[in-house]
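Okay, here's what each chain looks like letter by letter:
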Amino acid sequence: MDFKQFSEFLQFIRRYNSTSVLEIGTKKCWQNWEVRYANPLDWVLANTERNYAVRIMLLASAGNPHRHQSMDTHVFDNLVNAYHNWDRHTISDRRILDEEEKILLNSIMKWEGNPKNKKQVRNWSVKLSEILDSSVVHTHIAGLFVQRLGAFQNAGFGHPVSRLHRTIKLIELLDSQSNQEFSETFSNYVGLSPTNYFRQFLACLALFGWLSGKRGFCNFSRLPDIDNQLQESGITSENLKLFIQQNSAPHSAQTDTSFRGKITKTLDSVPEYYQPLFYNHFLEIPFVELRGQEFCLPDPFSFTESCWNQVRGLISKSSYGEKLNHLLSCAFEDYLEKVLFPFICASSFEKIPEVKNPNSNKDKRADFLVETSSSYIVIECKSCVMHSDTSAYFQADRLADLWCRIHSAFEQIGITVESLNLHDKPVIPLILTFYDSIAASTVFEEMVKQTEYCSLMRVNMPPIVQSLHEFEHWTSNRSLNNWSELILSKQNADSPVSPDHKGHGYGHLSGVSIL
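Quick caveat: nothing in here was measured; it's all calculated off a predicted structure.

Reading the values: rules and limits
Residues numbered from 1 in each chain as written. Predicted model: local features only at pLDDT ≥ 70, side-chain atom pairs only at ≥ 80, totals over all residues. Heavy atoms only, no water. Helix = DSSP H or I, 4+ residues; strand = E, 2+ residues; numbered from the N terminus. Expected span 1.5 Å × (residues − 1). Polar contact = N/O pair within 3.5 Å; in protein donor to acceptor, adjacent residues only side chain to side chain. Core = buried A, V, L, I, M, F, W, Y, C linked by side-chain atoms within 4.5 Å. Buried < 20%, exposed > 50% of the residue type's maximum accessible area, 1.4 Å probe, protein only. Patch = residues over 30% accessible without salt bridge, like charges linked within 9 Å, V, L, I, M, F, W, Y side chains within 5 Å. Areas by Shrake-Rupley, 256 points an atom, 1.4 Å probe, with all protein chains shown as cover. Salt bridge = Lys/Arg side-chain N within 4 Å of Asp/Glu carboxyl O. Lys, Arg positive; Asp, Glu negative; His and termini not counted. Charge placed at Lys NZ, Arg CZ, Asp CG, Glu CD. Pairing = 2+ DSSP bridges. Axes fitted to C-alpha atoms, helices over the stretch in contact; angles between N-to-C directions. Phe/Tyr/Trp six-rings, centres within 6.5 Å; stacked < 30°, edge-to-face > 60°. Lys NZ or Arg CZ within 6 Å of the ring centre and 35° of its normal. Parallel < 35°, antiparallel > 145°, perpendicular 65-115°, else oblique. Contact = heavy atoms within 4.5 Å. Nonpolar A, V, L, I, M, F, W, Y, C, P; charged D, E, K, R; others polar. Disulfide = S-S within 2.5 Å. Left-handed = near helix turned anticlockwise from the far one by under 90°.

**Student:** Got a sec to walk through helix α3 (residues 40-59)? Specific residues and values, please.
**Tutor:** Along an α-helix, residues three or four apart share an orientation, since each turn contains 3.6 residues. Under the 1.5 Å per step criterion, the end-to-end length of α3 is 29 Å for 20 residues, consistent within 8% with the ideal 28 Å. Two or three places before Leu41, at the opening of α3, Asn39 has a side-chain oxygen 2.9 Å from that residue's backbone nitrogen.

This is the structure:
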């Protein structure tokens, strides 16, 4: 298969019955879910294939479920290969790369000149626009393609159930911050308590996985009997139907809220060279509504990853939505201070006291300091740096916005290093985001290494940006000391540091119970 344009790829998929595409893709995703890969490389390859299969299912929503021609597995596999080997991305055209370079530089200047960022920029020790000139950006602009591809293909990494457990723990912390108001609002608006809501996750994995007869599909008219013990715990036919309906959308209906409407809007909003790496909308709405009370759960990985997005999406529709960002920021820090750090570094971390100066932001400090045998880890939490739709940061103007936010957080870390006089050991500047940030800062790190950026910021290395999920994933089989040695080895281009298998193993979440 050879497609000159992504629009041709989309038109080819539209030839086939859209439900048949959904059926094949769903089968592949569930098969992937059931395999436990001993070799990490095998998992990477299988996960890459899954991410392309997910996009093909979403693109099929623009088709017709009544077409006579059904897609078969052979054609589907060829589409996955054609998608994987697509050679007309941004890297294929020097003119596109030159245009991205201009947009990046101009967008950084606009961000710094925006009146709403004026106070923040005024207190920076150095402007990002003074560091990233055209010669620096030009050298690395092609690397943005690799960064995008890495983020796209590796989405869904890590331990799936840990996302559920972490979200449940975060809701407990949100309740603590709001005097139980969060759960009360959620229950009133959704019709299920948070506890019952998350029990439906496990029930749906069982229902769509092996209880319904056709993996990934379920018809409300043929729901299996549910035993009394499960019903007493809140898993009932009524609650399952409510949960599925609240998190579903029609596949091919010509409406704005259907998958067809969402995909069309997404593709129409960006140039064609960004379209192949579009957002996985199953991370927002994991179920597909078909005909005759039939529903599909195409991808169990996206389903478990969607847990916080579901909570955020439902609560944001209520009057409570405006308070959520502030509460999440507080709960994010609470999670580190009260859940994760006491488990992995109880005697070596401290919460850095906040310095309040109404006249200047120059005294703003980072959030946490962790001392290991070989380094200091200075941590700044930024729940709002990333967004759930990380593909938005594939675009040059949005990437510039992200880099400015990273730089602003790095300024706080630099101030902290100076204030606490942390100069006797290497400092690892870690910016923790709430939403996944796979490879989001990779090119930024490489760019600034070629400049005086780190010396001007008084820190020995560029900022390391990881999401909470990424950080927990990388420390699950590594002690914090081992993790810091790994980071330092990468910065110094030394040999990789093997895991010491003394990580947390998600033990800090072992007390979280769903059933």
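**Student:** I'd like a description of the nonpolar core, backed by residues and values.
**Tutor:** Counting residues in hydrophobic clusters, the biggest one holds 121 residues, and the most contacted among them are Leu132, Phe208 and Trp403. Ranked by size, the runner-up nonpolar core spans 45 residues in total, among them Ile13, Val75, Phe278 and Val288.

**Student:** Can you break down a positive patch on the surface residue by residue, with the values?
**Tutor:** A cluster of basic side chains, namely Lys118, Lys119, Arg122 and Lys364, defines a positive patch on the protein surface. For Lys119, the location among the structural elements is in helix α6 (residues 118-122).

**Student:** An account of the sheet that holds strand β7 (residues 376-382) is needed here, citing residue identities and associated values.
**Tutor:** On the basis of which strands lie adjacent, the open sheet formed by five strands has the order β5-β6-β7-β8-β9 and mixed pairing. Strands with a single pairing partner mark the edges of an open sheet, and in this sheet they are β5 (349-351) and β9 (464-467). Taking the axes of each pair of neighbouring strands and ignoring which way they run, one obtains an average angle of 25° across the sheet. Pairing of β5 with strand β6 (residues 368-371), which is carried by three bridges, proceeds in the antiparallel orientation. Across the sheet, the residue bridging to Phe349 is Val370, located in β6.

**Student:** Describe helix α2 (residues 18-34), with residues and values.
**Tutor:** Over its 17 residues, α2 runs 25 Å from end to end, which matches the ideal 24 Å to within 8%, given 1.5 Å per residue. Of the positions making up α2, those classed as buried are Ser18, Ser20, Val21, Leu22, Ile24, Gly25, Thr26, Lys28, Cys29, Trp30, Asn32 and Trp33. The N-cap residue of α2 is Asn17: its side-chain oxygen and the backbone nitrogen of Thr19 are 2.9 Å apart.

**Student:** Summarise the packing of aromatic side chains; cite the residues concerned and give the values.
**Tutor:** Within this structure, the stated rule accounts for 37 aromatic pairs. Both rings, one in Phe3 and one in Phe9, keep their centres 5.3 Å apart while their planes meet at 90°; by these two values the pair is edge-to-face. Given a relative accessible area of 9%, Phe3 falls into the buried group. Aromatic side chains Phe341 and Phe349 sit 5.4 Å apart centroid to centroid with 50° between the ring planes, which places their arrangement in the tilted category. The pair formed by Phe341 and Phe349 is uniform in burial state, with each residue classed as buried. Through successive ring pairs, a cluster of aromatic residues spans Phe3, Phe6, Phe9, Phe12, Tyr16, Tyr52, Tyr83, Trp86 and Phe152. Sitting over the ring of Tyr393, Arg398 keeps its end group 5.2 Å from the ring centre. Above the face of the Tyr376 ring, Lys425 is positioned so that its terminal group lies 5.0 Å from the ring centre.

**Student:** Describe the packing of helix α9 (residues 160-178) against helix α10 (residues 181-190), naming the residues involved and giving the relevant values.
**Tutor:** Between α9 and α10, the shortest axis-to-axis distance is 6 Å and the interhelical angle comes to 115°. The angle between the axes of α9 and α10 places the two elements in the roughly perpendicular class. Residue-level inspection shows Ile171, Leu174, Asp175 and Ser178 of α9 in contact with α10, the latter providing Glu181, Phe182 and Ser183. Among the residues making up the contact of α9 with α10, the classes are represented as three nonpolar, two polar and two charged.

**Student:** Which residues make up the state of the cysteines, and what values go with them?
**Tutor:** On inspection of all chains with the given rule, the structure shows zero disulfides. Cys29 carries a free sulfur, and the closest cysteine sulfur to it, the one in Cys296, is 9.3 Å from it. Judged by its relative accessible area of 1%, Cys29 falls in the buried class.

**Student:** Tell me about the pairing of β6, and name the residues and values.
**Tutor:** Judged from the four bridges that link them, β6 and β7 form a sheet pairing that is antiparallel. Paired with Phe368 across the two strands is Ile379, which belongs to β7.

**Student:** Pulling in residues and values, what's your account of a nonpolar patch on the surface?
**Tutor:** Taken together, the side chains of Leu202, Leu230 and Leu515 make up a nonpolar region of the molecular surface, amounting to roughly 240 Å² of accessible area. You can see Leu202 is positioned in helix α11 (residues 194-211). Given a relative accessible area of 30%, Leu202 falls into the partly exposed group.

**Student:** Provide a residue-level description of the packing of helix α5 (residues 94-113) against helix α18 (residues 396-419), including the pertinent values.
**Tutor:** Contact pair α5 / α18: the axes reach a minimum separation of 8 Å and the direction vectors enclose 45°. The angle between the axes of α5 and α18 places the two elements in the oblique class. The handedness of the crossing between α5 and α18 comes out as right-handed. Every residue of α18 that contacts α5 at Glu100, Ile103, Leu104, Ser107, Ile108 and Trp111 is listed here: Ala396, Asp397, Leu399, Ala400, Asp401, Trp403, Cys404 and Arg405. Class assignment of the residues belonging to the contact of α5 with α18 gives a composition of nine nonpolar, one polar and four charged.

**Student:** Hey, could you go over the side chain of Ser375 for me, with residue numbers and the actual values?
**Tutor:** Counting through the fold element by element, Ser375 comes out in the loop between β6 and β7. Residue Ser375 is classed as buried on the basis of its relative accessible area, which comes to 0%. Discounting chain neighbours no more than four positions away, the residues touching Ser375 are Val370, Lys425, Pro426, Ile428, Ser484 and Leu488.

**Student:** Mind laying out the sheet that holds strand β4 (residues 294-296), listing which residues take part and the relevant values?
**Tutor:** If you walk across this open sheet you meet the four strands as β1-β4-β3-β2, and the pairing is mixed. Both edges of this open sheet fall to β1 (217-219) and β2 (248-250), since each of them pairs with a single strand only. Here the strands of the sheet are splayed against their neighbours by 30° on average, with no regard to which way each runs. Looking at chain direction, β1 and β4 are connected through three bridges and run antiparallel. Bridge assignment links Cys218 to a residue of β4, and that residue is Phe295. Against the sheet, α11 engages β1, β3 (287-289) and β4, with an angle of about 100° to β1. Contacting β2, β3 and β4, helix α13 (residues 237-246) crosses the sheet at an angle of about 60° to β2.

**Student:** So, the pattern of salt bridges: which residues are in play, and what are the values?
**Tutor:** Tallied over the full model, the rule gives 19 salt bridges. Taking the shortest distance from any N to any O, the salt bridge between Lys169 and Glu172 comes out at 3.1 Å. Note that Lys169 and Glu172 are positioned in helix α9 at a spacing of three residues, about one turn of the helix. Under the relative-accessibility criterion, Lys169 is labelled buried at 18%. Among the residues examined, Glu172 registers a relative accessible area of 42% and is labelled partly exposed. Of the charged contacts, one joins Glu446 and Lys449 as a salt bridge, the two residues approaching to 3.4 Å between their closest N and O atoms.

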